[in-house]
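Listed below, chain by chain, are the residues.
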Amino acid sequence: MKPVVPAPQHPPEGPALSDAPVTLLARKNGSMSQSETQDKVQQAQPSVGSIAAHRPHTVSAPVSDLDPDLDADLDAYEESQDGQAGSTLPQGRFLDRERSWLAFNERVLELAEDPNTPLLERANFLAIFASNLDEFFMVRVAGLKRRIATGVATRSASGLQPREVLEMIWARSRELMARHAACFHEDVAPALADEGIHLVRWRELAEKEQARLFTLFRHQIFPVLTPLAVDPAHPFPYISGLSLNLAVVVRNPVSGHRHFARVKVPPLLSRFLEASPGRYVPLEDVIAAHLEELFPGMEVLEHHAFRLTRNEDLEVEEDDTENLLQALEKELMRRRFGPPVRLEVEESIDREVLDLLVRELKVSEAEVYPLPGPLDLTGLFRIHSLDRPELKYPKFIAGTHRDLAEVESASAPDIFAALRQRDVLLHHPYDSFSTSVQAFLEQAAQDPDVLAIKQTLYRTSGDSPIVDALIDAAESGKQVLVLVEIKARFDEHANIKWARKLEESGCHVVYGLVGLKTHCKLSLVVRQEGETLRRYSHVGTGNYHPKTARLYEDLGLLTADPQVGADLSDLFNRLSGYSRRETYRRLLVAPKSLRDGLISRIDKEIQHHRAGRPAFVRIKVNSMVDEAIIDALYRASQAGVPVDIWVRGICAIRPGVVGLSENVRVRSILGRFLEHSRIFAFGNGGEPEVWIGSADMMHRNLDRRIEALVRVVDPGHRAALNRLLETGMAATTASWHLGADGVWTRHATDAEGQPLSNVQETLIDARRRRRGTATP
């Protein structure tokens, strides 16, 4: 029977682009003022990835799931499959990745809307939603607009034309942003007030509170403000990306002329100011209440908050540059001047002022988002940080992995001795990062028998003990090679800083291969033991970032296995020197062998199933987009192989389509931790094969990055990983289920209305029981 695939969903007709006339002192953009050129790029807060990209201080996603490049041209992919099984699969079999990403962020919003989520965590999820959407516009929408403008954009794998995708994004994001604002104003803010946390506007403050904030304004806010006028002598100022601003209209009482000015809300000051215990007011409200201090002698007629999002992606032509570090630094300066992609305004804004902003900022009406104030709810990260533990998830402190220390004590475990006995499979944040991976590198740095350390760094923390350990090792005479990925999005400044610091300490620092990002998570330690050298290795799914290791769910393998050590030696030699090695013993490495290696294993499951042997495919990733991988999974489903996919963010596969994917199930789990690990498990005829590593199923990971998966060989570890996958997919586990139409449905309660099992809380409780501290 021919598979029945739902037709691609085409968006409603979007609003026409418009250049509305400006009547309020409209002028063409001029050169920037000196003060504006000093504005620092505002970094987006971490995203639930993005539950972007994935950074300290909160559970996030990174929007690390985002990439400016559009999906591969479907026509080109299908031509490459001519005569192969891929060409027999139906059109319309791929879900749209942009719609899928927006659906992911909607799941984040559902956690904020859920009254069963602890109250301050609901505020945190509202902030994460906002931060995620910022990065989505800065990267994906910006990339789409750029490709449309240059005429190189092609239809997406879902069948939508680029303009259709853009209009869908405008319409869908508008709906979600309205829902987001309603959740804050109608639900979360009133609930916070009931708990003594009042988020108020200036007009709601008592006279004493206003007087206190006036004193604060005079001494700590006023000195850093710079009002910028717009008139024949002052061109319209440059508006930096993600900055919060006040559009101010004043009148000269002598001449009667109206004037426009812009006041930037200082990004380095606290977003919410405490007017009195438990009462917080937005910073822009305090500034707006004292505009007369900024424009003495003028009449302040009106003021409106607005916020601009710009293209923040980088384009570095690596093949044409002699020094990648210097080229990236120059490109980081240009990033600040990317074209606008979204304008958020208070819904009460005067039409004349809005017309001025639209014209001067060169945005279309479709890119204007009127919202109830306050704008920029990423400021709720500040509210989440309040010391109210009863309104948050119960505190959890990870313990040392039992294979590293059977009985925890004040003394540090001997990592090398433990690894000589067995491989150690780590599961963060349930297993402590500091007493495992961090201790592994710190012990290596201090051990006089260690001769060399080789390390990849994609993202790390500002006060990284990992970097400190590498510096200590180099200063003690050890050979230290560090591959710093200076192109890690939104961490470029930090990674350039670490690269220079490591170089100054004597480390050999390299930046990977031209044209490829190095995303694999690898550590290699070479130790002299008697007459021989032994190699100790770590292969992980997450960054060497001690802070996010407490918030991100990740896996890591610590091993003294000679094959893994030899593989890492070969791979590091490729990264630091010249090598064309493409095959490894226990690794699959992108861009050469990873996609083909996974597809060949999926195809083998078809053979096992046909022969009556146990067969299954179980995958846990952040994103499932790659058409070749998806088509292989479709073929496996058609052959009768059960295919389970646990995905956090984007998913382009259509499950449950008769004749195509009725054997495919897709689940998503979001919660207090960011699900970040990648697992690939195969039935393999009764001898399960399991891999873990850094790669998601996206074009960028499989074609434009160095990624590595390691095969897990310990039977107990393989069984544990398969149990984890089964738990995540179980009907008794709370999760979202993906339908053939691309719609995600939340399953949080059973038929009797009782809460389903929370996989993260189950794992936390298991660790507590192991230490005798389980919750009652």
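The structure we're discussing is the one just above.
Quick look at the structure, then.

Here we look at helix α18 (residues 627-638)
With twelve residues, α18 should cover 16 Å at 1.5 Å per step; its first-to-last C-alpha distance of 16 Å lies within 8% of that length. Listing the buried residues of α18 in full gives Glu627, Ala628, Ile629, Ile630, Asp631, Ala632, Leu633, Tyr634, Arg635, Ala636 and Ser637. N-cap assignment for α18: the residue whose side-chain oxygen lies 3.3 Å from the backbone N of Ala628 is Asp626. Downstream of α18 by one or two residues, Gly640 has phi in the positive range, about 100°.

Points about the environment of Val249
Among the structural elements, Val249 can be located in strand β3 (residues 244-251). Judged by relative accessible area, which is 0%, Val249 ranks as buried. Along the backbone, Val249 and Phe260 are eleven residues apart, and their C-alpha atoms lie at a distance of 4.7 Å.

Focus on the side chain of Asp355
Structurally, the position occupied by Asp355 is in helix α10 (residues 351-361). One polar contact links Asp355 to Arg351, side chain to side chain, over a distance of 2.7 Å.

Side note on the sheet that holds strand β2 (residues 228-230)
An order of β2-β4-β3-β7-β8-β9 is seen for the six strands of this open sheet, with the pairing classed as mixed. The two strands at the open ends of the sheet, each matched to only one other strand, are β2 and β9 (368-371). Taking each pair of neighbouring strands and ignoring which way they run, the sheet shows an average axis angle of 30°. Strand direction decides the pairing type here: β3 and strand β4 (residues 258-264), joined by seven bridges, are antiparallel. Paired with Val250 across the bridge in β4 is His259. Along the sheet, helix α4 (residues 119-150) makes contact with β7 (299-310), β8 (340-346) and β9, crossing β8 at roughly 140°.

Digging into the pattern of salt bridges
Within the structure shown, the criterion is met by 48 salt bridges. With its nearest N and O atoms 3.3 Å apart, the salt bridge here joins Arg767 to Asp431. Remark: Asp431 occurs in the loop between β10 (424-428) and α13 (437-446) and Arg767 occurs in helix α21 (residues 759-770); sequence separation between them is 336 residues. Of the two residues examined, Arg767 and Asp431, each falls in the buried class. Between Glu553 and Lys620 there is a salt bridge, and its shortest N-O distance comes to 3.0 Å. Separated by 67 residues along the polypeptide, Glu553 in strand β17 (residues 552-559) and Lys620 in strand β19 (residues 617-621) bring together distant segments of the chain. Of the residues examined, Glu553 reaches a relative accessible area of 1% and is grouped as buried. Residue class for Lys620 comes out buried when judged on its relative accessible area of 2%. Within this structure, Arg420, Asp447, Asp449, Arg527, Glu529 and Arg534 form a network of salt bridges that share partners.

Some remarks on the nonpolar core
Ranked by size, the top nonpolar core spans 125 residues in total, and within it Ile287, Ile383, Met624, Leu633 and Met697 carry the most contacts. Top contributing element to this core by residue count: α4, with 14 residues. Ile383 has contacts with Leu120, Leu192, Ile197, Leu199, Phe272 and Tyr280, leaving out every residue within four places of it along the chain. In terms of nonpolar packing, the next biggest core, distinct from the first, is built from 40 residues, Cys520, Leu555, Val690 and Ile706 among them.

Side note on the packing of helix α17 (residues 594-610) against α18
Where α17 meets α18, the closest approach of the two axes is 9 Å, and the angle between their N-to-C directions is 5°. Here α18 runs roughly parallel to α17, going by the angle between their axes. Between α17 and α18, the residues in contact are Arg595, Leu598, Ile599, Ile602, Asp603 and Ile606 and Ala628, Ile629, Ala632, Leu633, Arg635 and Ala636, respectively. Taken together, the residues of the contact of α17 with α18 sort by class into nine nonpolar, no polar and three charged.

Topic: the side chain of Ser436
Residue placement: Ser436 occurs in the loop between β10 and α13. Owing to a relative accessible area of 0%, Ser436 belongs among the buried residues under this scheme. Apart from the residues within four sequence positions on either side, Ser436 is in contact with Leu404, Ile415, Leu426, His428 and Leu558.

Describing the pairing of strand β15 (residues 521-529)
Burial analysis of β15 places eight of its nine residues in the buried class, which makes it a mostly covered element. The sheet contact formed by β15 and strand β16 (residues 532-540) spans nine bridges and is antiparallel. Counted as the bridge partner of Ser523 is His538 from β16. In this antiparallel pair of consecutive strands, β15 and β16, the connection spans two residues, and Gly530 shows a positive phi of 70°.

Concerning the packing of aromatic side chains
By the definition in use, this model includes ten aromatic pairs. Judged by centre distance (6.5 Å) and plane angle (50°), the ring pair of Phe396 and Tyr430 falls under tilted. Highlighted residues: Phe396 in the loop between α11 (380-384) and α12 (415-421) and Tyr430 in the loop between β10 and α13, separated in sequence by 34 residues. Per residue, the accessibility class of Phe396 equals that of Tyr430, and both read buried. Ring geometry for Phe416 against Phe440: centres 6.0 Å apart, planes inclined by 80°, an arrangement best described as edge-to-face. Placement of the pair is Phe416 in helix α12 and Phe440 in helix α13, with a sequence separation of 24 residues. Residues Phe416 and Phe440 agree in their burial class; the two are buried. An aromatic cluster is built from Trp101, Phe104, Phe136, Phe137 and Tyr369, whose rings are joined through pairwise contacts.

Some words on the packing of α13 against helix α14 (residues 465-475)
For any two helices packed against each other, one specifies the crossing angle of their axes together with the interaxial distance. Packing of α13 against α14 brings their axes to within 8 Å, and their N-to-C directions diverge by 15°. On the basis of the axis angle, α13 is roughly parallel to α14. Remark: the crossing between α13 and α14 carries left-handed chirality. Between α13 and α14, the residues in contact are Gln438, Leu441, Glu442 and Ala445 and Pro465, Ile466, Ala469, Asp472 and Ala473, respectively. Partitioned by chemical class, the residues of the contact of α13 with α14 number six nonpolar, one polar and two charged.

Conventions used here
- Residues numbered from 1 in each chain as written.
- Predicted model: local features only at pLDDT ≥ 70, side-chain atom pairs only at ≥ 80, totals over all residues.
- Heavy atoms only, no water.
- Helix = DSSP H or I, 4+ residues; strand = E, 2+ residues; numbered from the N terminus.
- Expected span 1.5 Å × (residues − 1).
- Buried < 20%, exposed > 50% of the residue type's maximum accessible area, 1.4 Å probe, protein only.
- Polar contact = N/O pair within 3.5 Å; in protein donor to acceptor, adjacent residues only side chain to side chain.
- Pairing = 2+ DSSP bridges.
- Axes fitted to C-alpha atoms, helices over the stretch in contact; angles between N-to-C directions.
- Contact = heavy atoms within 4.5 Å.
- Salt bridge = Lys/Arg side-chain N within 4 Å of Asp/Glu carboxyl O.
- Core = buried A, V, L, I, M, F, W, Y, C linked by side-chain atoms within 4.5 Å.
- Parallel < 35°, antiparallel > 145°, perpendicular 65-115°, else oblique.
- Nonpolar A, V, L, I, M, F, W, Y, C, P; charged D, E, K, R; others polar.
- Phe/Tyr/Trp six-rings, centres within 6.5 Å; stacked < 30°, edge-to-face > 60°.
- Left-handed = near helix turned anticlockwise from the far one by under 90°.

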